[in-house]
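Examining the three-dimensional arrangement
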Amino acid sequence: MKNKIVLPVMILCLAVLGCSKIKELADRSNSSSTNTDNPASNSGPSTGTTTANSGEPKADIIAASKKFIALPAFSATMDGTGTNAIHSKVEYAAPDRFHISYLGGTGAGMEMIMIGKQTYMKNAGSGNWNKSPVNLGESIPSLRDSFTDEGLKTLDDAKFDGDDTIDGKPALVYSYKNVTPKGGFPFHSKIWIGKNTGLPMKIEVNYENGTLKQMTINYDTDSPVTIEAPVK
């Protein structure tokens, strides 16, 4: 019964974080990475330039989205409210490695690792990893979010909301409206873009309908990410 509850939540987490974004990231990493035997790790984005408000909010948001897609690795914490509470950490390493840890809410204590077509799961409290008969990786290409080229087409009413800081780091804040490519769910969003990196640092999303009402995602694009298969 627990797996029946958790698997949809896993898929929901992937969708909200941006599985299509992850998929495109994986596709681009496949074509650019020369070492696919070892997990990708992000040594941190360049800080040689400073991102500034261009006066064109929509263009700034799109630029940050495209820069994010080009990353070889990242991690993010997700906190969502709605029918089911979501509190999880997601890690990605090129070209096809994902690690999801459920820190609270539905499925708390469970973990999932996807490497290529293989999925591994660990139930809360068991400490043991097992191969899953369900290949969740197959769901990734069909879960399109608003940071893909297709999703960005419906981005509207973009505004620059001013300057802010996230963990002491300067950021530019933008707000906008959009509609999910799959399902047509409208939402309002606010994004924090790092001045030193040009990358998303934080996103807050409020959905007008559906089971998920609000989601906050905090991105870590500096820390190395290593994902290994737990079961040989």
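Now for a look at the structure at hand. Computed from a predicted model, the values in this text were never measured in an experiment.

**Topic: the sheet that holds strand 11 (residues 212–220)**
In space, the 11 strands of this open sheet follow the order 6-5-4-3-2-1-11-10-9-8-7, with antiparallel pairing throughout. Two strands bound the open sheet, and with one partner strand each, they are strand 6 (129–131) and strand 7 (156–166). Neighbouring strand axes in the sheet, compared pairwise and without regard to direction, differ in orientation by 15° on average. Of the strand pairs in this sheet, strand 10 (residues 200–207) and strand 11 are connected by five bridges, and their pairing is antiparallel. Pairing of Lys202 across the sheet is with Asn218, part of strand 11.

**Overview of the packing of aromatic side chains**
In the structure shown here, the tally under the stated rule is six aromatic pairs. With a centroid separation of 5.2 Å and an interplanar angle of 50°, the aromatic rings of Tyr92 and Phe98 are classed as tilted. With respect to class, Tyr92 is no different from Phe98; both count as buried. Ring centres of Phe160 and Tyr174 lie 5.3 Å apart, and the angle between their planes is 55°; on these two criteria the pair is classed as tilted. Separated by 14 residues along the polypeptide, Phe160 in strand 7 and Tyr174 in strand 8 (residues 169–179) bring together distant segments of the chain. Residue classification places Phe160 among the partly exposed residues on the basis of a relative accessible area of 31%. Joined through ring pairs, the aromatic side chains of Phe68, Phe74, Tyr92, Phe98 and Tyr219 make up one cluster. Its end group placed over the ring of Trp192, Lys202 keeps NZ or CZ at 4.7 Å from the ring centre.

**Here we look at the pattern of salt bridges**
As enumerated under the stated definition, the model contains six salt bridges in all. Across the pair Lys122 and Glu111 runs a salt bridge whose closest N-O atoms are separated by 3.0 Å. Of this pair, Lys122 sits in strand 5 (residues 118–122) while Glu111 sits in strand 4 (residues 111–115), and the two are 11 residues apart along the sequence. For the pair Lys122 and Glu111, one class covers both residues: buried. Asp222 serves as the salt-bridge partner of Lys169, at 3.1 Å between the closest nitrogen and oxygen. Pair noted here: Lys169 is in strand 8 and Asp222 is in the segment after strand 11, with a separation of 53 residues, a long-range link. The exposure class of Lys169 is partly exposed, given its relative accessible area of 40%.

**Description of unusual backbone geometry**
For Asp157, which is not glycine, the phi dihedral falls at a positive 55°. Following the sequence through the fold, Asp157 ends up in strand 7. Look at Asp157 and you get partly exposed, because its relative accessible area is 33%. Positive phi is not limited to glycine here, since Asp167 has a value of about 50°. Position of Asp167 relative to the elements: it lies in the loop between strand 7 and strand 8.

**Examining the nonpolar core**
Ile191 and Met215 are the most contacted members of the largest nonpolar core, which totals 34 residues. It is strand 11 that contributes the most residues to this core, four residues altogether. With eight residues, the next largest nonpolar core counts Ala73, Tyr120, Trp129 and Val225 among its residues.

**As for the pairing of strand 4**
For strand 4, a buried count of five out of five residues is recorded, marking the element as mostly surrounded by other parts of the structure. On strand 4, burial covers both faces: Glu111, Ile113 and Ile115 on one face and Met112 and Met114 on the other are all buried. Summarising the sheet, strand 3 (residues 97–105) and strand 4 pair through five bridges and their orientation is antiparallel. Across the sheet, the residue bridging to Ile100 is Met112, located in strand 4. Of the strand pairs in this sheet, strand 4 and strand 5 are connected by five bridges, and their pairing is antiparallel. The residue bridging Met112 from the neighbouring strand is Met121, located in strand 5.

Each value, and the rule that gives it
- Residues numbered from 1 in each chain as written.
- Predicted model: local features only at pLDDT ≥ 70, side-chain atom pairs only at ≥ 80, totals over all residues.
- Heavy atoms only, no water.
- Pairing = 2+ DSSP bridges.
- Helix = DSSP H or I, 4+ residues; strand = E, 2+ residues; numbered from the N terminus.
- Axes fitted to C-alpha atoms, helices over the stretch in contact; angles between N-to-C directions.
- Phe/Tyr/Trp six-rings, centres within 6.5 Å; stacked < 30°, edge-to-face > 60°.
- Buried < 20%, exposed > 50% of the residue type's maximum accessible area, 1.4 Å probe, protein only.
- Lys NZ or Arg CZ within 6 Å of the ring centre and 35° of its normal.
- Salt bridge = Lys/Arg side-chain N within 4 Å of Asp/Glu carboxyl O.
- Core = buried A, V, L, I, M, F, W, Y, C linked by side-chain atoms within 4.5 Å.

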